[in-house]
Amino acid sequence: MEIKEISFSYNRKTNLLDSVNAEIEHGKITTIIGPNGSGKSTLLGVMSRNYSPHSGEILLDGKAISQYKPKEFARKLAVVHQQNEAPWDITVEKLIGFGRLPHKSFLSQNHEEDEKAIEWALSCTNLHTKRKKTLEQLSGGERQRVWIAMTLAQRTPMLFLDEPTTYLDIYYQIEVLELIKELNEVHGLTIVMVLHDINQAIRYSDKIIIMNNGNIVKSGHPYDVITTSMVKTIYGVDVVIQSDPDVGQYIVPLGIK
């Protein structure tokens, strides 16, 4: 995916995105980080066609995303939003089944392929034993895995996640991030996600894009872009960077300037 000179605003007066350029590498995990209001989720929304930019274009497999038909685009890219809604009495299996809608038509339906995709999504997210449970019977972490499973049932090569660890305690945060890592490494999905936690971004990303005030400040390998000067400039926080042979690089906040 190529992002070329993308600008976006709600009122065409104040840009939330200002001539943004970036490239999403095939088969990698790219994480977008930055302060609140920096444009992270807005950029993800434009990339997933939730918002239409007023200038610039985004190419997916060499074709402008605006040129894809809705179902065609939904077979290319799936999105887990920050907030998701569904009836609390819907079962896990039925909700995951909605991920098959981009593959259905009035004239033909491949029930065998649908069942295979649903089983695969249940297997990837370890939800087989929960398939008959309703959403209200699940923990927060389990519900997040259901939303991920629904997007997996779309069988797309790309997966976008907007702050997938929000509202989860540390156990379920790591569980979800390990699942995302497995989807990339084992199943070959190209993944783009928005995160707040810098240390999680360092650990689970092949590439980090840092945003501030609607612009991309820096992008590249986590160890190259996460520096003490960058964190202080963008976040206003003094940190030290440590390295451990088992976990790699991480930051330790010292205080605000």
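Right, let's walk through the structure included here. Each chain has its residues counted from 1, following the order in which its sequence is written. Selection of residues for local features in this predicted model requires a pLDDT of at least 70, selection of side-chain atom pairs for listing and counting requires 80 or more, and totals for whole chains, interfaces and linings are taken over all residues. With hydrogens and water stripped out, all remaining heavy atoms of the structure feed into the side-chain values.

### A closer look at the overall build of the protein chain
Here is step 1 of the chain: A tally of helices and strands in the protein chain yields nine helices and twelve strands.
Here is step 2 of the chain: The C-alpha radius of gyration computed for the protein chain amounts to 19 Å, which stays within 12% of the reference 18 Å derived for 257 residues, consistent with globular compactness.
Here is step 3 of the chain: When its C-alpha atoms are laid out on the principal axes, the protein chain stretches across 60 × 40 × 30 Å.
Here is step 4 of the chain: Note on exposure labels: buried denotes an accessible area under 20% of the residue type's maximum, exposed denotes more than 50%, and partly exposed covers the range between, all computed with a 1.4 Å probe on protein chains only. Taking all 257 residues of the protein chain together, the buried fraction comes to 47%.
Here is step 5 of the chain: Intrachain contacts of the protein chain at a sequence separation of at least 6 include 63% that bridge at least 24 residues.
Here is step 6 of the chain: Using the Shrake-Rupley algorithm and a 1.4 Å probe, accessible areas are obtained, with residue cover drawn only from the displayed protein chains. Accessible area of the protein chain: about 13,100 Å², with a carbon and sulfur share of 47%. Elements are defined by DSSP. Helices are runs of H or I of four residues or more, strands are runs of E of two residues or more, and each kind is numbered from the N terminus. Every radius of gyration here is taken over C-alpha atoms, with the globule rule written as 2.2 Å times N^0.38, N being the number of residues. In what follows, a contact means two residues having at least one pair of non-hydrogen atoms within 4.5 Å.

### Some remarks on the packing of helix H5 (residues 140-152) against helix H6 (residues 170-185)
Here is step 1 of the chain: Taken N-terminus to C-terminus, the directions of H5 and H6 make an angle of 20 degrees; their axes are 9 Å apart at the nearest point. On the basis of their axis angle, the class for H5 and H6 is roughly parallel. In this structure, H5 crosses over H6, and the sense of that crossing is right-handed. Between H5 and H6, the residues in contact are Gly 141, Gln 144, Arg 145, Ile 148 and Leu 152 and Tyr 172, Glu 175, Val 176, Leu 179 and Leu 183, respectively. For every element, the axis is a line fit to its C-alpha atoms; helices are fit only across the contacting stretch, and the angle between N-to-C directions ranges from 0 to 180 degrees. For classification purposes, angles smaller than 35 degrees are called roughly parallel, those larger than 145 roughly antiparallel, those between 65 and 115 roughly perpendicular, and all remaining angles oblique. Should the near helix be turned anticlockwise from the far one by less than a right angle, the crossing is termed left-handed; should it be turned clockwise, right-handed.

### Description of the pairing of strand S3 (residues 29-33)
Here is step 1 of the chain: Of all five residues in S3, five are buried; the element is thus mostly enclosed.
Here is step 2 of the chain: Side chains of S3 alternate between two faces, with Ile 29, Thr 31 and Ile 33 and Thr 30 and Ile 32 buried alike.
Here is step 3 of the chain: Whether two strands pair comes down to DSSP finding at least two bridges between them. Across four bridges, S3 lies against strand S8 (residues 190-194) in parallel orientation. Looking at the pairing, Ile 32 lines up with Val 194 of S8.
Here is step 4 of the chain: Taken together, the four bridges between S3 and strand S9 (residues 207-212) define a ladder with parallel strand orientation. Looking across to S9, one finds that Ile 33 is bridged to Ile 210.

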